[in-house]
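Descriptive structure summary
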Amino acid sequence: MTLILASKSASRRAMLDAAGVAYDSIPSDIDERAVEAGLAGAAPAEVAEALAVAKAAAVAALHPGALVLGSDSLVVCANRRFDKPGNREEAGEHLRFFSGKVMELHSAAALVKDGGCQWSHASLARLHVRDLSEDFIAAYLDMEWPAIGHTVGAFRIEGPGVQLFSEIEGDQFTVLGMPLLPLLEALREEGVLLT
């Protein structure tokens, strides 16, 4: 069975590659804000999961018979939801807000085939952001912008972004943007991977 990753995320591709999962990559093109608008009042994990399903469903509609993997991540800090920063200044604002607080990162994945969601799952990681000085934020943005412009939370944990945190609760895969271990089990159940 063909597995399609409905994403252009380098970290999600790297996770699947490292795990030895064969797949094609066809990014989805959905209006995420429209999906979110229909989920007013939903818990962050539900929103991430719904977005993962919507992304997979959009690609699955164009590829009958294929199993499509969608994934999404979102950040909540002090009861405020954050999207990807639109520019360097906004990334700096996000970092100032996160400083000294706990960031909740919700990562979800879903498998869709022929219009039906076969499986979905959301995981939570809690990232304790240390107190960040203005000098650190400026130096960090010099190193990481524009690469972090496509990341929710304005960090890449596999790079200098690890310096933002004093403690992380949750697994590395969730922080990277996809609950990999539950996904691998689902792929075994779907016959994509050997049991």
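Thresholds applied
Residues numbered from 1 in each chain as written. Predicted model: local features only at pLDDT ≥ 70, side-chain atom pairs only at ≥ 80, totals over all residues. Heavy atoms only, no water. Buried < 20%, exposed > 50% of the residue type's maximum accessible area, 1.4 Å probe, protein only. Helix = DSSP H or I, 4+ residues; strand = E, 2+ residues; numbered from the N terminus. Pairing = 2+ DSSP bridges.

With 11 of its 11 residues buried, strand β3 (residues 67-77) lies for the most part within the structure. Alternating residues of β3 divide into Leu67, Leu69, Ser71, Ser73, Val75 and Cys77 and Val68, Gly70, Asp72, Leu74 and Val76, and every residue in both groups is buried. Bridge count between strand β1 (residues 3-5) and β3: three bridges; the pairing is parallel. Bridged to Leu5 within β3 is Leu69. With 11 bridges connecting them, β3 and strand β5 (residues 102-113) associate as antiparallel partners. Looking across to β5, one finds that Val75 is bridged to Leu105. Relative to strand β4 (residues 80-82), β3 runs antiparallel, the two being bridged by three bridges. Looking at the pairing, Val75 lines up with Phe82 of β4.

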